[in-house]
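# Working through the structure, step by step
The primary structure of each chain is shown beneath.
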Amino acid sequence: MFSVSLALVTWLGQSIADPAWLALGLAIAAICIASYGTLKAGLLEFSPEVLAGDVIVPRPSRAGGDVKLLLPLQFTNAGGGDGIVEWVALRLTIDGDIQHSVLLSPVAEVDMQRFIQAKRRLDDQNCIEPFTAFPLEGKRSLAKFVLFDLAEKPRSEPLRLRSGRWAFEVFVKSTANRSPKLERSFEHVVEKKHVDEFAADTPVYLINYQITLPSARREIAGAEWMPRTARYSN
C-alpha cells in the first residue's frame, strides 16, 4: 500500500498539469498512506482484555482463617502484537460502601488440578507463589486461576465473608498502558447460606451466568472444579 501510494504521487506529479486535479490526487494519496499506517499500527499493537465473573472462596488453610478470593481469569490479546501483563488487582466494595473499599493483590496462581485433589483447600502444593508478570502473544488467550489477598493486611481489618452485595472491579497493568486500567466489573450477592457453608469448612462458589469463561473451564475439563450441588449467587 505504501509503495503504491508513492508510485501514485510520482505519476500524478508527472502526468497532471492542472494544479486543482494535482492537489486532489495528492490528498487521496496522503489519505491512503495515513490509512496504511493506522492499519499497520492496529495489527501490531498489544491490546489485552480480561474476562471475569466467577469467584471461589476456598476452604481456609486453617480454622478461622482469613478469606482469600480465587478468580478464574481469561486474558485475551485482541491485537496482533506481543506484550506483557505486568500486574492485576481486585477492588472490593461491599453494599456500596466506597469509603471502606479494599484493594486485593494477586499472591499466587493456583494449580486447579491439585486444588481439587486437596479437597478445595489451599496449600503449598497447589499455590504457585508469587504471582508474576507473564507474556501474552498476539491474538492468543490464556486462562489463569489467580488467588487474591488484602494488599495492605497490617493496615486493614481481616476480610470476613458476610452477607451483602459484593462488587468486584478487576484492574490490569500491562505494557499497553502506563497506568492500571479497569477491565471488568461485576457483582455477587453473598447470602447467609454462603456464610454458613464457609463456617462449616466448605468452599463457596459465586458463579456469574451472564459471563462465560470458556478457556478457563476447558483447561480443567477433566476435573470438576464446580460441584454439581453448589448453589450460586446469580
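Here is what the cut-offs are and how they apply
- Residues numbered from 1 in each chain as written.
- Predicted model: local features only at pLDDT ≥ 70, side-chain atom pairs only at ≥ 80, totals over all residues.
- Heavy atoms only, no water.
- Core = buried A, V, L, I, M, F, W, Y, C linked by side-chain atoms within 4.5 Å.
- Buried < 20%, exposed > 50% of the residue type's maximum accessible area, 1.4 Å probe, protein only.
- Helix = DSSP H or I, 4+ residues; strand = E, 2+ residues; numbered from the N terminus.
- Contact = heavy atoms within 4.5 Å.
- 1 Å grid on protein atoms, 1.4 Å probe; cavity = no way out; pocket = protein on both sides within 12 Å on 5 of 7 lines; lining within 4 Å.
- Points joined across faces, edges and corners; volume = space filled by probe spheres on them.
- Nonpolar A, V, L, I, M, F, W, Y, C, P; charged D, E, K, R; others polar.
- Pairing = 2+ DSSP bridges.
- pLDDT = per-residue confidence, 0-100.

## What to know about the nonpolar core
Soluble globular proteins tend to pack their nonpolar side chains together in the buried interior. Core analysis: the biggest nonpolar cluster contains 33 residues, and L69, L71 and L73 have the highest contact counts within it. Counting residues per element, the ones that place at least two in this core are β2 (55-57), β3 (69-77), β4 (83-94), β7 (134-136), β8 (141-150), β9 (164-174), β10 (181-190) and β11 (204-206). Take this core: its biggest share by element is five residues, from β4. Excluding residues that lie within four positions of it along the chain, L73 makes contacts with V50, L51, A52, V88, L142, A143, K144, V146 and F148. Judged by nonpolar contacts, the second largest core, of twelve residues, contains V110, F115, C127 and F145.

## Some thoughts on the layout of surface pockets
Unfilled space is identified by rolling a water-sized probe across the atoms. Estimated volume of the largest pocket: approximately 370 Å³. For the lining of the largest pocket, the element with the most residues is β4, which contributes three residues. The residue makeup of the lining of the largest pocket, split by class, is six nonpolar, four polar and five charged.

## Let's talk about unusual backbone geometry
With omega at -15°, the peptide bond leading from E129 into P130 counts as cis. By the secondary structure assignment, P130 is in the loop between β6 (127-128) and β7. Within the chain, K119 stands out as a residue other than glycine whose phi angle is a positive 60°. Along the chain, K119 turns up in the loop between α3 (112-117) and β6. K119 sits in the exposed class, given a relative accessible area of 64%.

## Considerations on the environment of K193
In this fold, K193 is placed in helix α4 (residues 192-199). By relative accessible area, which is 26% here, K193 ends up partly exposed. A sequence separation of 30 residues divides K193 from S163, and the C-alpha atoms of the two residues are 8.9 Å apart.

## Some details on the pairing of β3
In terms of burial, β3 is largely enclosed, as eight of its nine residues are buried. Across four bridges, the pairing between strand β1 (residues 48-51) and β3 is antiparallel. When the bridges of β3 are listed, P48 appears paired with N77. Where β3 meets β8, eight bridges bridge the pair, whose relative direction is antiparallel. Looking across to β8, one finds that T76 is bridged to S141.

## So, the confidence of the model for the protein chain
The predicted model of the protein chain has a mean per-residue pLDDT of 81, with 69% of residues at 70 or higher. Mean pLDDT values for the elements of the protein chain range from 51 in helix α5 (residues 214-219) up to 97 in β9. Of the regions scoring below 50 in pLDDT, residues 219-223 engages in eight contacts with residues more than four places distant in sequence or in other chains.

## Brief notes about the pairing of β4
Pairing between β4 and β7: three bridges, direction antiparallel. Bridging across to β7, G83 finds its partner in L136. Bridging between β4 and β9 involves nine bridges; their strand directions are antiparallel. Bridge pairing in β9 links L90 to V170. Both β4 and strand β5 (residues 102-110) contribute to a ladder of three bridges, which runs antiparallel.

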